[in-house]
Amino acid sequence: KGFSKRFGWLLAELVFVFLGMYGAFLLERMQDEEIDLLRKRQILQALVDEFENYETELGNASYSLHENYCVPFFTKYSSGEKPFPAPIPFGAMGSVNTGIWEAMLQRGGIEVLEVEFIQRVPGFFKKLQDLLDIYTRLERLSERMIMPEMDRDAEYFYEADGIELRDKYKWHVN
């Protein structure tokens, strides 16, 4: 009786320890999931904030470019006049800063974000950088080809027999 009684208590103790450890494991797993969810929310919020900053900066630059450059030039150009192809305003937009995104991925973001989302964000950054590169190229063309000719008359930039820009300056309209 003594051995079976001790064995019963030992078995009960083992079951109790097992259930306690299993419960602790489940609780830790739930806490890890909550932490991962919190980290995911923080990463997504940081990205939303970053993208809102891009939206504001690009929106302001786009509005300024449209109102101060495009509208005056194209209003006259489309009505048959020969406006002076003013230099493209220098925006000093530079390049896309992906540091926040890369830091988030290194700090565990890759573990909590969906693969499709992780693959789409660099695509956004690439398209944004392509846009900034185009603008930078236009700034350089403007600096090299229009600014040295600022003392010329507007007629200089156009074909002699029409309102079309000379081949050398067609990029300005395009």
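See above for the structure.
Below is a summary of the structure that appears in this document. Per chain, the residues get numbers from 1 upward, laid out in the order the sequence is written. Totals for whole chains, interfaces and linings use all residues, but because this is a predicted model, local features are given only for residues with pLDDT of at least 70 and pairs of side-chain atoms are given and counted only at 80 or more. Hydrogens and water are ignored here; the side-chain numbers use all heavy atoms of the structure.

Along the chain, the regular secondary structure elements total four helices and zero strands. The linear arrangement of helices and strands in the chain, starting from the amino end, is α-α-α-α. A compact globule built from 174 residues would reach a C-alpha radius of gyration of about 16 Å, whereas the chain, at 32 Å, exceeds it by more than 25%. Across its three principal directions, the C-alpha atoms of the chain cover 120 × 20 × 20 Å. To sort residues, take the accessible area from a 1.4 Å probe on protein chains only and compare it with the maximum for the residue type: under 20% means buried, over 50% means exposed, and anything in between is partly exposed. The buried share of the chain, taken over its 174 residues, is 22%. Of the contacts made within the chain by residues no fewer than 6 positions apart, 72% connect residues no fewer than 24 positions apart. Accessible surface area values rest on a Shrake-Rupley calculation with a 1.4 Å probe, where residue burial reflects the displayed protein chains alone. Of the accessible surface of the chain, which amounts to about 12800 Å², a share of 58% is contributed by carbon and sulfur atoms. Where helices and strands are cited, they refer to DSSP runs of H or I of at least four residues and of E of at least two residues respectively, numbered from the N terminus. The size measure is the radius of gyration over C-alpha atoms, and the globule rule it meets is 2.2 Å times the number of residues to the 0.38 power. The contact definition used throughout considers only heavy atoms, calling two residues in contact when any of these lie within 4.5 Å.

It is worth spelling out helix 1 (residues 2–78) at this point. Compared with the 114 Å implied by 1.5 Å per residue over 77 residues, the 106 Å span of helix 1 between its first and last C-alpha is a close match. Taken residue by residue, helix 1 has K40, I43, L47, E50, Y54, Y69, F73 and Y77 as its buried positions. Positive phi shows up at G80, right after helix 1, with a value of about 95 degrees. Multiplying 1.5 Å by the residue count of a helix minus one yields the expected span of that helix.

Attention shifts here to the environment of D133. Looking at where D133 falls in the secondary structure, it is placed in helix 3 (residues 115–146). In this structure, the C-alpha to C-alpha distance between D133 and A103, residues 30 residues apart in sequence, is 24 Å. In terms of polar contacts, D133 uses its side chain to reach the side chain of Q129, at 2.7 Å. Whenever two N or O atoms come within 3.5 Å, that pair is a polar contact, provided that in protein one can donate a hydrogen and the other can accept it, and provided that, for residues adjacent in sequence, both atoms are side-chain atoms.

Quick look at a nonpolar patch on the surface now. Only residues above 30% relative accessible area that lack a salt bridge enter a patch, with like-charged residues linked at up to 9 Å and the nonpolar side chains Val, Leu, Ile, Met, Phe, Trp and Tyr linked at up to 5 Å. What counts as a salt bridge is simple: a side-chain nitrogen of Lys or Arg found within 4 Å of a carboxyl oxygen of Asp or Glu. Residues F3, F7, L10, L11, L14, V15, F18, L19, Y22, F25 and L26 make up a contiguous nonpolar surface patch of roughly 1200 Å² in combined accessible area. Along the chain, the position of F7 falls in helix 1.

This paragraph deals with the side chain of E149. Its location among the elements puts E149 in the loop between helix 3 and helix 4 (170–173). Look at E149 and you get buried, because its relative accessible area is 14%. In this structure E149 touches F84, Y156, F157 and Y169, once residues within four positions along its chain are discounted.

Turning to the pattern of salt bridges, a few remarks are in order. In total, this model carries eight salt bridges according to the counting rule given. Linked through salt bridges whose partners overlap, the residues forming this network are E164, D167 and K170.

Right, let's talk about the packing of helix 1 against helix 3 for a bit. For helices, the fitted axis covers only the stretch in contact; all axes are lines through C-alpha atoms, and the angles between them, taken along N-to-C directions, range from 0 to 180 degrees. Axis separation between helix 1 and helix 3 bottoms out at 13 Å; the angle between their running directions is 20 degrees. If you check the angle between helix 1 and helix 3, you find them roughly parallel. Here helix 1 and helix 3 pass one another in a crossing that is left-handed. On helix 3, the residues that touch L44, L47, F51, Y54, L58 and L65 of helix 1 are F117, V121, F124, F125, L128, L132 and Y135. Roughly parallel refers to an angle under 35 degrees, roughly antiparallel to one over 145, roughly perpendicular to one between 65 and 115, and oblique to any angle outside these ranges. The hand of a helix crossing depends on one turn: near helix anticlockwise from the far one by less than a right angle means left-handed, and clockwise means right-handed.

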